[in-house]
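Coordinate inspection notes
Residue strings, one per chain:
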Amino acid sequence: MSNAARFPAPGGNKTESEEGTVFAPRFDAEGLVPVVATSARTGEVLMLAYMNEEALARTVETGEAHYWSRSRGRLWRKGEESGNTQRVVEMRTDCDQDAIWLKVEAAGADAACHTGRRTCFYRAVPLGVAPGGGVSLRFVDSERQFDPEAVYRHADAAKGTLKSSE
Ligand SMILES: [Zn+2]
């Protein structure tokens, strides 16, 4: 990563971090910062993800959401396979600059989730029940906008990584 892609290190000064204008994001011990993405149109929460410094820098530079995939261990431009890219309308950081909020416009199928749904938060946890008894999730906002099997198979095939046996 070039020096231009680096952000200033957060200082020890609480007032500067909370009231100043210097964007000095605070990454955790693994070099990540949590990011919540909401729909710029409806305000609903779409997904929670993480950025490392490079993902954050690329997002700032390009206005396209980039994340760090913890499961794949690599930088990930949202929608690179599915076409469901996210244009960032506004990016905010919180009081102590250790979290990011993206207001995004989704392209493609208007789905943030790899399961094909608009939001990753498509199941509700019931309240007022004893957790010990086993809590059943309730599906809400769970309609699929695309068929993940078809979309990701197609992406794999396009890259020539689809095994012939599949
Ligand atoms: Zn998801």
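Residues numbered from 1 in each chain as written. Predicted model: local features only at pLDDT ≥ 70, side-chain atom pairs only at ≥ 80, totals over all residues.

Before going further, it helps to spend a moment on the overall build of the chain. The helix and strand tally for the chain stands at three helices and eight strands. Burial statistics for the chain: of 166 residues in total, 19% are counted as buried. Considering only intrachain contacts with a sequence separation of at least 6, the fraction spanning at least 24 residues in the chain is 42%. (Helix = DSSP H or I, 4+ residues; strand = E, 2+ residues; numbered from the N terminus. Buried ≥ 20, exposed ≤ 12 C-beta atoms within 10 Å, placed from the backbone. Contact = placed C-beta atoms within 7 Å.)

What follows concerns unusual backbone geometry. At Q97, a residue that is not glycine, the phi angle is positive and equals roughly 60°. A positive phi angle, near 45°, is found at D141, a position not held by glycine. With respect to the secondary-structure elements, D141 resides in the loop between β8 (138–139) and α3 (148–158).

So, on to the sheet that holds strand β5 (residues 86–93). Strand order in the open sheet formed by four strands is β2-β1-β6-β5, and the pairing between neighbours is mixed. Lying at the two open borders of the sheet, with one neighbouring strand each, are β2 (45–51) and β5. Shown here is a sheet whose adjacent strand axes are inclined to one another by a mean of 25°, direction ignored. Pairing between strand β1 (residues 33–39) and β2: six bridges, direction antiparallel. The residue of β2 that forms the bridge with T38 is V45. (Pairing = 2+ DSSP bridges. Axes fitted to C-alpha atoms, helices over the stretch in contact; angles between N-to-C directions.)

Looking at chain direction, β5 and strand β6 (residues 100–106) are connected through seven bridges and run antiparallel. From the neighbouring strand, Q86 faces β6, where its bridge partner is A106. Where β5 folds back onto β6 in an antiparallel hairpin, the turn is made up of six residues, including Q97, whose phi is positive at roughly 60°.

On to the nonpolar core, then. With 22 residues, the main nonpolar core has V35, A37, Y50, M51, Y67 and A112 as its most contacted residues. At the level of secondary structure, the elements contributing two or more residues to this core comprise β1, β2, α2 (53–62), β3 (66–69) and β6. The leading source of residues in this core is β2, at five residues. Once you skip the residues sitting within four places of it in the chain, A37 turns out to touch L46, M47, A49, A65, Q86, L102, V104 and A112. (Core = buried A, V, L, I, M, F, W, Y, C linked by C-beta atoms within 7 Å.)

The next point concerns the environment of E149. Relative to the elements of secondary structure, E149 occurs in helix α3. For E149 and T115, which are 34 residues apart along the polypeptide, the C-alpha to C-alpha distance reads 8.7 Å.

Let us now look at α2. Buried residues of α2: A55, L56 and T59, and no others. Axial view of α2: buried residues confined to an arc of 100°, hence all on one face. Within α2, the exposed residues directed more than 90 degrees away from the buried face are E61 and T62. Tucked into the core, α2 has its buried residues touching β1, β2, β3, β4 (74–77) and β5. (Arc of directions from axis to C-beta.)

Our next topic: the pairing of β1. Connecting β1 to the next strand, β2, in antiparallel fashion are five residues, including G43 with a positive phi near 85°. Relative to β6, β1 runs parallel, the two being bridged by five bridges. Bridging across to β6, V35 finds its partner in I100.

On to the environment of E44, then. With respect to the helices and strands, E44 occurs in the loop between β1 and β2. On the basis of neighbour counts, which here come to 12 C-beta atoms within 10 Å, the residue E44 falls in the exposed class. Between the C-alpha atoms of E44 and T119, which are 75 residues apart in sequence, the distance is 8.1 Å. Apart from residues no more than four positions distant in its own chain, E44 is found in contact with T38, S39 and T119.

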